[in-house]
Amino acid sequence: MTAAVGTQLISVHPEELRFQFELEKQSFCDLKVVNNTENHVAFKVKTTSPKKYFVRPNTGVIQPWDACVIRAAGIAVTLQAQREYPPDMQCKDKFLLQSTIVTPNGDVDELPPDTFNKDSGKQIEECKLKVLYVSPSSAVPNTEDEALRSSTRSLDGNSAVQRVKEERDAAIRQKQLLQQELDTLKRRRYRKGNAGFSFTFAIFVGFIGIMVGFLLNLLLSSPTT
């Protein structure tokens, strides 16, 4: 059972972000944010390295005693592909999760710009999360066996199959995130009474969807031997 951290308003699971670090490959980590109160609570996620991480959603409103759930897991945090290993696999990156009480009718798209501004006089609670990099073979206790497995991984046919599955899962995740962004934009347009939707954006989203679908079909049809 993973430990949790948090504030009086929210609980965050797990207490640190663990990424399986591999060169030139994305890595995913999920957070679950739980509202511990009878009020509506808004949250915002910040990071010291915004160019390395992709966070969706980075802002949201949680109903009383409810949780923020995406893919039945929570906030999805993606570590972008890196070109080199960090020294000793140590990471100094951190995440900050801010939370505050909002009105019951508050929606994430209608939050005032100063919602998370401490100067506004509101009570803003903060929860800090550390980032931990994990080697793919860190579960092997013997370092010699670990080096041997690493050197022969490229010759193992099963590793090729696993890589295809991971790339397929990554494509599915990206497609889900894109669909969520599209749904959010549609809701914004609808609330503003704008009946027309950007034709150019619709074509762009459609093109991305076709490319993702083509990639999924290619990965699923790839030989597994």
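Residues numbered from 1 in each chain as written. Predicted model: local features only at pLDDT ≥ 70, side-chain atom pairs only at ≥ 80, totals over all residues. Heavy atoms only, no water.

You'll find the protein entered in an unreviewed UniProt entry as Vesicle-associated protein 2-1 isoform X1, with Ziziphus jujuba given as the organism. Annotation of the protein in UniProt includes, under Sequence similarities (unreviewed entry), the sentence "Belongs to the VAMP-associated protein (VAP) (TC 9.B.17) family." (UniProt positions renumbered as here; feature names shortened; annotations may be inferred.)

Take the overall build of the protein next. A tally of helices and strands in the protein yields 3 helices and 11 strands. Burial analysis of the protein (225 residues in total) assigns 32% to the buried set. For the protein, restricting intrachain contacts to residue pairs at least 6 apart in sequence, the fraction spanning at least 24 positions comes to 71%. (Helix = DSSP H or I, 4+ residues; strand = E, 2+ residues; numbered from the N terminus. Buried < 20%, exposed > 50% of the residue type's maximum accessible area, 1.4 Å probe, protein only. Contact = heavy atoms within 4.5 Å.)

Turning our attention to the pairing of strand β7 (residues 59-62). Because side chains alternate across β7, one face comprises the buried residues G60 and I62, and the other comprises T59 and V61, none of which is buried. Where strand β5 (residues 40-47) and β7 come together, 4 bridges link them in antiparallel fashion. Residue pairing in the sheet places F43 in a bridge with G60 of β7. (Pairing = 2+ DSSP bridges.)

Here we come to the sheet that holds strand β10 (residues 94-102). The strand order β3-β11-β10-β5-β7 describes an open sheet built from 5 strands, whose pairing is mixed. Each of the sheet's edge strands pairs with one partner strand only, and the pair in question is β3 (16-20) and β7. Each strand of the sheet is rotated relative to its neighbour by a mean of 25°, with strand direction disregarded. (Axes fitted to C-alpha atoms, helices over the stretch in contact; angles between N-to-C directions.)

For the rest of this paragraph, the subject is the layout of surface pockets. Considering only enclosed or pocket space, the largest pocket measures out at about 740 Å³ in volume. Looking at the largest pocket, it is lined by 32 residues, and the ones nearest its centre are P57, T59, G60, V108 and D109. The set of elements that each furnish at least two residues to the lining of the largest pocket consists of β5, β7, β8 (67-68) and α2 (157-191). Ranked by the residues each element gives to the lining of the largest pocket, the list is headed by α2, at 7 residues. Within the lining of the largest pocket, the residues separate by chemical class into 14 nonpolar, 8 polar and 10 charged. (1 Å grid on protein atoms, 1.4 Å probe; cavity = no way out; pocket = protein on both sides within 12 Å on 5 of 7 lines; lining within 4 Å. Points joined across faces, edges and corners; volume = space filled by probe spheres on them. Nonpolar A, V, L, I, M, F, W, Y, C, P; charged D, E, K, R; others polar.)

Mapped onto the secondary structure, R173 falls in helix α2. You can call R173 partly exposed: its relative accessible area is 22%. Spatially, the C-alpha atom of R173 lies 9.6 Å from that of F28, the residues being 145 residues apart in sequence.

What follows is about the packing of aromatic side chains. For the structure shown, the criterion picks out 3 aromatic pairs. Connected via pairs of aromatic rings, a cluster forms that spans F19, Y53 and F95. (Phe/Tyr/Trp six-rings, centres within 6.5 Å; stacked < 30°, edge-to-face > 60°.)

Taken together, the side chains of K92, K94, K128 and K130 present a region of like positive charge at the surface. Tracing the sequence through the fold places K130 in strand β11 (residues 125-134). Judged by relative accessible area, K130 falls into the exposed class, the value being 56%. (Patch = residues over 30% accessible without salt bridge, like charges linked within 9 Å, V, L, I, M, F, W, Y side chains within 5 Å. Areas by Shrake-Rupley, 256 points an atom, 1.4 Å probe, with all protein chains shown as cover. Salt bridge = Lys/Arg side-chain N within 4 Å of Asp/Glu carboxyl O. Lys, Arg positive; Asp, Glu negative; His and termini not counted. Charge placed at Lys NZ, Arg CZ, Asp CG, Glu CD.)

Looking now at the pattern of salt bridges. Taken as a whole and assessed by the stated rule, the structure comprises 3 salt bridges. When the shortest N-O distance is used, the salt bridge between K52 and D93 registers 2.6 Å. Here the residue K52 occupies a position in the loop between β5 and β6 (53-56), and D93 occupies one in the loop between β9 (75-79) and β10, the gap between them amounting to 41 residues. The partner of E126 in a salt bridge is K118, with the nearest N and O atoms 3.1 Å apart.

Right, let's talk about the side chain of D93 for a bit. What makes D93 buried here is its relative accessible area of 9%. Engagement of the side chain of D93 in a polar contact is seen with the side chain of S49, the distance being 2.8 Å. Dropping the residues within four chain positions of it, D93 is found in contact with T48, S49, K52, Y53, K130, V131 and Y133. (Polar contact = N/O pair within 3.5 Å; in protein donor to acceptor, adjacent residues only side chain to side chain.)

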